[in-house]
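Each chain is listed here by its residues.
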Amino acid sequence: MNRLLKVLKRTVIGVVILGVLLEGFTLVIRYPNPIAAVRLGLAPASKTPTLMPAHNIAPSTTPIELPTGHENPPTTVTWQGSKVPWQEFLDKSYTNVFLILRNGVITYQYYRDGFTPTTRLPSYSVGKTMLSLVVGQLIAQGKIKESDTFVSYFPEYKTGGSFDKITVQQLLDMQSGVGVSDNYPAGPSGWGVAIAQMYATTDMHWFIGNNRKMAFEPGTKAEYRSVDTQLLGLIIKRVTGMKVSDYFSQSVWQKVGAEFPATWNVDRVGGTEKTFCCFNAAARDYARVGLAILNGGYSG
């Protein structure tokens, strides 16, 4: 019995020491605490918005109505090379919400069990589109120039090398060459790659400061890199002097007549939006943004 107690005692002490070391390590690399990091890494896509802090985006005070009609979906669709019934397609593709918007009318709506018209859905890289709407407005207003370099807004990030040459235009065209590739290895081994670190970081400025190595010269080729959109988000915050969420609410969300509040996940409470992803909104409000783009900026 005494031997068993000693083993248990040593085990408990070992676990406590390991926990303290992991907690310290995550603090050093600006990650959420170990439990939060594991929850984030294992969560289904639809649940991740609730696992990170977020800034709220107020809906319009005068929402633009989207009338509803009725349209039957196609009987079958081609899915992975085969014709399958519509519902089977929704099930096999793990679709949570599906809307059809035709001529400004929502003619079809599907909500999986547990999802409603008010459910906020993560956009992931569609967040880049939301961000680009704001950048386009600021360029049109002359507050940002496409020829501006990133370091002209953030001289503290100068390296004396190619990073200093990156322009707004190259960030928009994903031609920056910053060495943070969109490489997502599966499983726990993928949690340590740079793109995963950017997703999970609790200090975006620290992350950028430690990831300024270049994969290629700016403007020499285009390669999809989420870090480019994140750098644009930092520029917006500095140019406007506002949280990206607040400026987005004022310049986009209010104007498209959004019906529901949205959120934008941030690195920490009161911190910086993760503008390469992490925008979350109700399906009908995504539809309003799409309608505004189709109508040249008008959703009504």
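Residues numbered from 1 in each chain as written. Predicted model: local features only at pLDDT ≥ 70, side-chain atom pairs only at ≥ 80, totals over all residues. Heavy atoms only, no water.

Description of the packing of aromatic side chains
Part 1: A full pass over the atoms with the stated rule returns 15 aromatic pairs.
Part 2: Residues W79 and F89 carry aromatic rings whose centres are separated by 5.5 Å and whose planes lie at 70° to one another, so their mutual orientation is edge-to-face. Of this pair, W79 sits in strand β2 (residues 76-79) while F89 is found in helix α3 (residues 86-92), placing the two residues 10 residues apart along the sequence.
Part 3: Ring geometry for W253 and F279: centres 5.4 Å apart, planes at 80°, overall edge-to-face. One end of the pair, W253, is in helix α10 (residues 244-253); the other, F279, is in strand β8 (residues 279-281), and 26 residues separate them in sequence. (Phe/Tyr/Trp six-rings, centres within 6.5 Å; stacked < 30°, edge-to-face > 60°. Helix = DSSP H or I, 4+ residues; strand = E, 2+ residues; numbered from the N terminus.)

Notes on the environment of D246
Part 1: Turning to its location among the elements, D246 is positioned in helix α10.
Part 2: Owing to a relative accessible area of 36%, D246 belongs among the partly exposed residues under this scheme.
Part 3: With 188 residues separating them in the primary sequence, D246 and A58 have C-alpha atoms 8.0 Å apart. (Buried < 20%, exposed > 50% of the residue type's maximum accessible area, 1.4 Å probe, protein only.)

Looking at the packing of helix α4 (residues 126-140) against α10
Part 1: Put simply, α4 and α10 touch, their axes get as near as 10 Å, and they point 70° apart. Taken together, the axes of α4 and α10 are roughly perpendicular relative to one another. Contact with α4, carried on its side by M130, L131, L133, V134, Q137 and L138, involves V244, Y247, F248, S251 and V252 of α10 and no other residues of that element.
Part 2: For the contact of α4 with α10, the per-class residue count stands at nine nonpolar, two polar and no charged. (Axes fitted to C-alpha atoms, helices over the stretch in contact; angles between N-to-C directions. Parallel < 35°, antiparallel > 145°, perpendicular 65-115°, else oblique. Contact = heavy atoms within 4.5 Å. Nonpolar A, V, L, I, M, F, W, Y, C, P; charged D, E, K, R; others polar.)

Considering the packing of α4 against helix α9 (residues 226-240)
Part 1: At their nearest, the axes of α4 and α9 sit 10 Å apart, and the two run at 45° to each other. Classified by the interaxial angle, the pair formed by α4 and α9 is oblique. Regarding α4 and α9, the two cross each other, and that crossing is left-handed. Where α4 approaches α9, its residues K128, L131, V134, V135 and L138 are matched on the opposing element by S226, T229, L232, G233, I236 and T240.
Part 2: Looking at side-chain class alone, the contact of α4 with α9 contains six nonpolar, four polar and one charged residues. (Left-handed = near helix turned anticlockwise from the far one by under 90°.)

Looking at the sheet that holds strand β1 (residues 54-57)
Part 1: Ordered by their spatial adjacency, four strands build an open sheet running β1-β7-β8-β6, and the pairing between neighbours is antiparallel. Each end of this open sheet is capped by a strand with a single partner; those strands are β1 and β6 (121-122).
Part 2: As judged from the four bridges shared by β1 and strand β7 (residues 262-265), these two strands associate in the antiparallel manner. Bridging across to β7, A54 finds its partner in N265.
Part 3: Running over the sheet, helix α11 (residues 283-294) touches β6 and β8 and is turned about 110° from β8. (Pairing = 2+ DSSP bridges.)

A closer look at the pattern of salt bridges
Part 1: Per the stated rule, a full pass over the model turns up 11 salt bridges.
Part 2: Residue R225 pairs with E223 through a salt bridge whose shortest N-O separation is 2.5 Å.
Part 3: Looking at R225, the relative accessible area reads 5%, which means it is buried.
Part 4: Each of D203, D267 and R268 takes part in a single network of salt bridges with overlapping partners. (Salt bridge = Lys/Arg side-chain N within 4 Å of Asp/Glu carboxyl O.)

Section: the nonpolar core
Note that soluble globular proteins tend to have their nonpolar side chains buried in a common cluster.
Part 1: Membership of the largest hydrophobic core comes to 55 residues, with the highest contact counts inside it found for F150, F248, W253, W264 and F279.
Part 2: Here this core takes six residues from α9, the largest share from any one element.
Part 3: Setting aside residues up to four positions removed in sequence, F279 forms contacts with I57, L121, P122, S123, G127, M130, F248, W253, A262, T263, W264 and Y286.
Part 4: Among the nonpolar cores identified, the runner-up in size contains eight residues, and V77, W86, F89 and L90 belong to it. (Core = buried A, V, L, I, M, F, W, Y, C linked by side-chain atoms within 4.5 Å.)

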